[in-house]
Amino acid sequence: MTDPSMKAGVLALYRAPGVEPGLLQLQDAHGVSIPLLLWAGWLGTRSVTLAQLPEAELRHLLGWEKQTVGPLRSLRRRLKAELEDQPSLAALREQIKACEQQAEWWLLQQLAALPLETGELCPLTLCLRFAGIDECEPIGALRAAIGARLNSQQQVS
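Residues numbered from 1 in each chain as written. Predicted model: local features only at pLDDT ≥ 70, side-chain atom pairs only at ≥ 80, totals over all residues. Heavy atoms only, no water.

(A) Region of the structure containing the pattern of salt bridges. Applying the stated criterion to the full structure yields eight salt bridges. When the shortest N-O distance is used, the salt bridge between Glu82 and Arg78 registers 3.4 Å. With Glu82 and Arg78 both in helix α4 (residues 55-82) and four residues apart, the pair spans about one turn of that helix. Residue Glu82 is classed as partly exposed on the basis of its relative accessible area, which comes to 28%. Look at the salt bridges and you will find they share partners, linking Arg73, Arg76, Glu100 and Glu104 into a network. (Salt bridge = Lys/Arg side-chain N within 4 Å of Asp/Glu carboxyl O. Helix = DSSP H or I, 4+ residues; strand = E, 2+ residues; numbered from the N terminus. Buried < 20%, exposed > 50% of the residue type's maximum accessible area, 1.4 Å probe, protein only.)

Right under this line is the structure:
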């Protein structure tokens, strides 16, 4: 079962300044899974540290994402380009966008349900390594958003 605060936490991270464009840049330039990085960020806001990632399970889920979410995203983007000539496609594009988002939420729920072994490693750093990405500028906004959420949670406590 997933944490009910996950959706709110993930949305807060995604909406934090600079996070959305940075994640989209990593997705488009390197094929990085945005749900994977948001999941790692959400774990970070909960002060979760890991011993390792469940790599076999991640490969399976990310394979599903590539086969399911990827085609929906491609179709949605293609239809966006066609809207100028065929505005009647707008409703269809919105339906596809809703399906894409629903599939991404399903993926986030699956990620949140993975069995994790706590340790001393940062989930975001582990996910970047898993994705074959070094620390880079686009991830800085996500790290800042995680830090801001941790600080606000500590001030409330």
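(B) Just the nonpolar core, in detail. Membership of the largest hydrophobic core comes to 37 residues, with the highest contact counts inside it found for Leu23, Leu37, Trp39, Leu111, Leu124, Ile139 and Leu142. With eight residues, helix α3 (residues 34-45) is the largest single contributor of residues to this core. In contact with Ile139, not counting residues within four places along its chain, are Leu23, Leu26, Leu37, Leu124 and Leu128. (Core = buried A, V, L, I, M, F, W, Y, C linked by side-chain atoms within 4.5 Å. Contact = heavy atoms within 4.5 Å.)

(C) Examining the packing of aromatic side chains more closely. All chains considered together, the criterion is met by one aromatic pair. Each ring, one from Trp64 and one from Trp106, has its centre 4.5 Å from the other, and the planes form 50°; the classification is tilted. Of this pair, Trp64 sits in helix α4 while Trp106 sits in helix α5 (residues 90-112); the two residues are 42 residues apart in sequence, bridging distant segments of the chain. The exposure class assigned to Trp64 is partly exposed, which follows from its relative accessible area of 26%. When its relative accessible area of 34% is taken as the criterion, Trp106 is described as partly exposed. (Phe/Tyr/Trp six-rings, centres within 6.5 Å; stacked < 30°, edge-to-face > 60°.)

(D) View of α4. Here α4 spans 39 Å end to end across 28 residues, near enough to the 40 Å set by a 1.5 Å rise per residue. Its axis deflected by about 30° at Val69, α4 carries its strongest bend there, up to four residues before the proline Pro71. Of the residues making up α4, those classed as buried are Leu58, Leu61, Leu62, Glu65, Val69, Gly70, Arg73, Arg76 and Leu79. (Expected span 1.5 Å × (residues − 1). Bend = angle between axes of the 7 residues up to and from the residue.)

(E) Layout of the side chain of Glu65. Tracing the backbone through its elements, the reader meets Glu65 in helix α4. Within the buried set, Glu65 has no salt-bridge partner at all; the shortest N-O distance to an opposite charge, 4.4 Å, is to Arg73. Ignoring anything within four residues of it in the chain, the contact list for Glu65 reads Ser33, Ile34, Pro35, Gly70, Arg73 and Leu107. (Lys, Arg positive; Asp, Glu negative; His and termini not counted.)

(F) Spatial organisation of the packing of helix α1 (residues 6-15) against α5. In the contact formed by α1 and α5, the axes pass within 11 Å of each other and the chain directions differ by 115°. In terms of orientation, α1 lies roughly perpendicular with respect to α5. In the packing of α1 onto α5, the handedness of the crossing is right-handed. Contact residues: α1 offers Met6, Lys7, Val10 and Leu11, while α5 offers Trp105, Leu108, Gln109 and Ala112. When grouped by side-chain class, the residues that make up the contact of α1 with α5 number six nonpolar, one polar and one charged. (Axes fitted to C-alpha atoms, helices over the stretch in contact; angles between N-to-C directions. Parallel < 35°, antiparallel > 145°, perpendicular 65-115°, else oblique. Left-handed = near helix turned anticlockwise from the far one by under 90°. Nonpolar A, V, L, I, M, F, W, Y, C, P; charged D, E, K, R; others polar.)

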